[in-house]
Structures are given as structure tokens and as C-alpha cells.
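Residues per chain, in single letters:
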Amino acid sequence: DAMVIQNPRYQVTQFGKPVTLSCSQTLNHNVMYWYQQKSSQAPKLLFHYYDKDFNNEADTPDNFQSRRPNTSFCFLDIRSPGLGDAAMYLCATSNSGREGEQFFGPGTRLTVL
Amino acid sequence: GENVEQHPSTLSVQEGDSAVIKCTYSDSASNYFPWYKQELGKGPQLIIDIRSNVGEKKDQRIAVTLNKTAKHFSLHITETQPEDSAVYFCAAKQRAGTALIFGKGTTLSVSS
């Protein structure tokens with residue numbers, strides 16, 4: 001089945017140790033998003049790629065970076081994780097030809113020790 | 001920018017009852033309004049959406065209504081079942097390339 005896949009589902013890292021989360025999609029959607037969701041809160045958009053164009057939200061910390069090497073894959077890099085970065089990280093995709101609909105992956109739960 | 005408010009934050013109903021969750025938005029330029037269901041430890045799942053050229057949309061036990069004049073939209077779940085228990089998020093979006101703005105979520109509990 002076409003879907004949004006995130007790996008790993010659970011990631012534990014140490015304070016300050018770089019970590020990379022990955023997302024892949026078989027939907028052939030041209031837009032990919034990364035959201036951060038903390039406990040009992042709504043998802044918060046960090047950035048998105050519209051095709052190859054990177055769009056950063058104004059309040060996304062510099063500690064968060066992203067790469068999209070091709071249509072199917074997108075990575076979230078956290079350069080120096082702090083305790084406050086512990087959260088669920090959600091990848092989503094959409095097709096700009098079908099305005100609006102976003103499909104989310106299962107998320108990666110990040111723990112920072 | 002857009003602001004979405006969602007009420008109530010928690011909702012408890014008995015199995016078989018109806019549940020209604022309401023959202024208001026601030027930006028009249030918003031034209032797409034999805035509803036997501038998120039179960040514990042999972043990503044949000046799109047359950048229904050509505051666009052600003054439509055007033056109501058229904059899919060089996062769930063329906064969404066939109067009042068553009070008042071800038072509010074609602075999710076209606078009829079004949080609730082225990083498996084409907086989850087967190088529900090409403091959202092609003094203006095156009096391609098802009099972000100979905102989420103409400104803060106409603107935790108729905110359906111007891112049997």
C-alpha cells in the first residue's frame with residue numbers, strides 16, 4: 001500500500017549528539033513536511049519542501065535542518081539535541097495538485113538523555 | 001496569521017451517543033478544513049475534510065459542517081463506538097505552500 005514511512009519509530013540520543021530521522025513515501029507527492037509534536041499538543045510545522053524548494057518556518061531553531069535528496073526521501077537532522085527537543089517528529093506529504101490533503105507517517109518518538 | 005481555536009478540549013460520551021467538536025478560524029482567506037484523528041503513539045490520520053465551496057460533507061458516521069460567514073466548522077460523529085476514542089484535531093489552510101494551522105485537539109473518550 002502507498003504510504004508514508006518513518007524510521008526509526010523510536011530514537012534515543014544523548015544531549016548534544018547529532019541525530020537523523022528519516023521519512024520516505026510511495027505516494028509520489030511533491031510536498032513533504034516535518035512537524036514536531038510535544039505531549040498533549042498539536043503538531044507544529046518545522047519546515048517543508050515544495051519539490052526541491054526548502055521552506056523554513058520563521059520560528060524553527062537553527063538546530064533543525066532538513067535534506068531532500070529525491071522525491072521519495074526526506075531527512076530531519078538535529079545537530080545538537082537538547083532536552084527540550086524530546087518529542088514526536090511527524091513527516092507528512094501532500095500533492096500540490098490536490099490542494100491541502102496531507103498524509104502523515106506514524107512518527108518517530110525522540111528521547112534525549 | 002491564521003488562528004484556530006478548538007472546543008472542547010475533552011469530551012466523554014457513552015457508546016451510541018453523538019459527539020460534536022467545534023472549531024473557529026480567524027482568517028477569511030482559509031479555504032480548506034481537514035479533521036485528523038490521532039490514536040496514542042500514532043501519526044494523525046485524515047478522516048474527513050471540507051473546502052470552502054461546500055457547506056456540509058458526510059462519510060458514514062462522520063460529518064463536517066462549515067459556516068464561512070461565522071468562520072466556524074464542526075465535526076459530528078454519530079453512533080459513537082469505543083474505537084472512536086482518540087484525539088481529534090481540526091485544521092485550516094489558505095492555499096498551496098502554506099502551513100496547516102491546527103487546533104489544540106479534543107480528547108474524545110467513548111465508554112461502553
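Before any of the text, the structure's been laid out above.
Here we summarise the structure given alongside this text. Note that the structure is a prediction, hence the values are computed from the model and not measured.

**What about the nonpolar core?**
Residues Trp35, Phe73, Leu75, Tyr88 and Leu108 of chain B are the most contacted members of the largest nonpolar core, which totals 24 residues. Going through the elements one at a time, strand S2 (10–14), strand S3 (19–25), strand S4 (32–38), strand S5 (45–51), strand S7 (62–67), strand S8 (72–77), strand S9 (86–92) and strand S11 (106–111) of chain B are the ones with two or more residues in this core. Core analysis: the next-biggest nonpolar cluster, separate from the first, contains 18 residues, Met32, Leu46, Ala87 and Leu110 of chain A among them.

**Section: the pattern of salt bridges**
All names here are of chain B. Throughout the structure, instances matching the rule amount to six salt bridges over all chains. The shortest N-O distance in the salt bridge between Lys37 and Glu39 comes to 3.7 Å. What makes Lys37 buried here is its relative accessible area of 13%. A residue is classified by how much of its surface remains accessible, and Glu39, at 29% relative accessible area, is partly exposed. In this structure, Glu39 engages Lys42 in a salt bridge whose closest nitrogen and oxygen atoms are separated by 3.4 Å. Look at the salt bridges and you will find they share partners, linking Lys37, Glu39 and Lys42 into a network.

**Digging into the sheet that holds S7 of chain B**
Residues and elements named next belong to chain B. Here five strands make up an open sheet; going across it, the order is S1-S3-S8-S7-S6 and the pairing antiparallel. The outermost strands of the open sheet, each flanked by one partner alone, are strand S1 (4–7) and strand S6 (56–59). Here the average twist between neighbouring strands, direction ignored, is 15°. Bridging between S6 and S7 involves four bridges; their strand directions are antiparallel. Paired with Lys58 across the strands is Ala63, a residue of S7.

**Looking at the sheet that holds strand S1 (residues 4–7) of chain A**
Residue and element names in this part refer to chain A. Strand order in the open sheet made by the four strands is S1-S3-S8-S7, with antiparallel pairing throughout. Single-partner strands in this sheet number two, and they are S1 and strand S7 (64–67). On average, each strand axis in the sheet is tilted by 20° relative to the strand beside it, whichever way the strands run.

**Quick look at the pairing of strand S4 (residues 31–37) of chain A**
Residue and element names in this part refer to chain A. The buried fraction of S4 amounts to seven of the seven residues, a majority that puts the element mostly inside the structure. Going residue by residue along S4, you find Val31, Tyr33, Tyr35 and Gln37 tucked away on one face and Met32, Trp34 and Gln36 tucked away on the opposite face as well. Both S4 and strand S5 (residues 44–50) contribute to a ladder of six bridges, which runs antiparallel. Within the sheet, the bridge partner assigned to Trp34 lies in S5 and is Phe47. Between S4 and S5, which follow one another and run antiparallel, lie six residues, and Ser40 among them has a positive phi close to 60°. Bridge count for S4 against strand S9 (residues 87–94) is seven bridges, and the pairing is antiparallel. Considered in S9, the bridge of Trp34 is made with Cys91.

Definitions and cut-offs
Residues numbered from 1 in each chain as written. Chains lettered and ligands numbered in written order. Predicted model: local features only at pLDDT ≥ 70, side-chain atom pairs only at ≥ 80, totals over all residues. Heavy atoms only, no water. Core = buried A, V, L, I, M, F, W, Y, C linked by side-chain atoms within 4.5 Å. Buried < 20%, exposed > 50% of the residue type's maximum accessible area, 1.4 Å probe, protein only. Helix = DSSP H or I, 4+ residues; strand = E, 2+ residues; numbered from the N terminus. Salt bridge = Lys/Arg side-chain N within 4 Å of Asp/Glu carboxyl O. Pairing = 2+ DSSP bridges. Axes fitted to C-alpha atoms, helices over the stretch in contact; angles between N-to-C directions.

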